[in-house]
Amino acid sequence: MTAVTGVAGSGKSTLINKVLPGFYPNITVVDQSLFATGIRSNLLTYLGLSDDLRTRFAKANHVSPKLFSRNSEGACENCRGIGVEKIDLAFMDDIEQPCEVCSGSGFKPEVLQYLYRDKNIADIMNMTVEEAIVFFAGEWYTGTFEILSKLGLGYLSLGQRLDRFSGGERQRLKLTKELKHSNKIIVLDEPSTGLHPSDTQKLLDFVDALVDGAIR
Ligand SMILES: [Zn+2]
């Protein structure tokens, strides 16, 4: 691990963004910027696990996987799958409240009768990462959940919208994805900005474990 630090104007950004890529073209910069995703993306879609989950529900119930998508046939017709209704207040910013038809799940009520291992799709979207580690124990992707947990993100729910993530959460989530690609140089741009001190400690512990080769 190499830390780059210095006063403003000392050339840190030039070193990292211009000089370093000249030597190592494949570096990855992980910062806190927004994902290029909209209101319909959530933690599971970001991790690339949504299709797998829909297929499980479809197979268990002998119905179409599209029923288990809030962007497709499964979408609540009242809120179009978003789970919230916007209330237009003439002189103030719009406020959002949970949709009264689907109670915020975003799914058509009839979709919730279909179960996978005694849970409906909304139950699974409401599961935290910690709960998912137990529920999906032994599955190939629980390693990703375990990395999220080690980074202090075990409290996130699987269906949490990406646009609701804080900057620190976004950065750690991106890191989870980057770690899948080995043999790379990863640059963390101001990784502790916005983090609670206890989360900073978790991040440091995680980086220590990476350097020791304890996490791959
Ligand atoms: Zn709804």
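Calculation notes
Residues numbered from 1 in each chain as written. Predicted model: local features only at pLDDT ≥ 70, side-chain atom pairs only at ≥ 80, totals over all residues. Helix = DSSP H or I, 4+ residues; strand = E, 2+ residues; numbered from the N terminus. Buried ≥ 20, exposed ≤ 12 C-beta atoms within 10 Å, placed from the backbone. Contact = placed C-beta atoms within 7 Å. Core = buried A, V, L, I, M, F, W, Y, C linked by C-beta atoms within 7 Å. Expected span 1.5 Å × (residues − 1).

A. Expanded view of the overall build of the chain. Scanning the chain from terminus to terminus reveals 8 helices and 4 strands. When the helices and strands of the chain are read in sequence order from the N terminus, they spell out α-β-α-α-β-β-α-α-α-α-β-α. If you line up the chain on its principal axes, its C-alpha atoms span 60 × 50 × 30 Å. The buried share among the 216 residues of the chain stands at 27%. Considering only intrachain contacts with a sequence separation of at least 6, the fraction spanning at least 24 residues in the chain is 57%.

B. Region of interest: the nonpolar core. Within the largest apolar cluster, 36 residues are counted, with the highest numbers of intra-cluster contacts made by Ile121, Leu148 and Leu158. No other element matches helix α4 (residues 121-126), which puts 4 residues into this core.

C. Focus on unusual backbone geometry. A positive phi angle, close to 55°, is found at His62, a residue other than glycine. With respect to the element layout, His62 can be found in the loop between α3 (50-61) and β2 (84-87). Given 7 C-beta atoms within a 10 Å radius, His62 is considered exposed. With a phi angle near 45°, Arg117 is a residue other than glycine that sits in the positive phi range. As for its placement among the helices and strands, Arg117 is situated in the loop between β3 (95-98) and α4. Residue class for Arg117 comes out exposed when judged on the 10 C-beta atoms lying within 10 Å of it.

D. Region of the structure containing helix α8 (residues 197-211). The terminal C-alpha atoms of α8 lie 21 Å apart, and with 15 residues this matches the ideal 21 Å at 1.5 Å per residue to within 8%. Positive phi appears at Gly213, one or two residues downstream of α8, with a value of about 80°.

E. Region of the structure containing the environment of Glu146. Relative to the elements of secondary structure, Glu146 occurs in helix α6 (residues 142-150). Using a count of 16 C-beta atoms within 10 Å as the deciding quantity, one classes Glu146 as partly exposed. Put simply, Glu146 and Glu130 are 16 residues apart on the chain and 8.0 Å apart in space, counted from C-alpha to C-alpha.

F. Focus on helix α1 (residues 12-23). The end-to-end C-alpha distance of α1 is 16 Å, a good match for the 16 Å that 12 residues give at a rise of 1.5 Å each. For α1, a buried count of 0 out of 12 residues is recorded, marking the element as mostly open to its surroundings.

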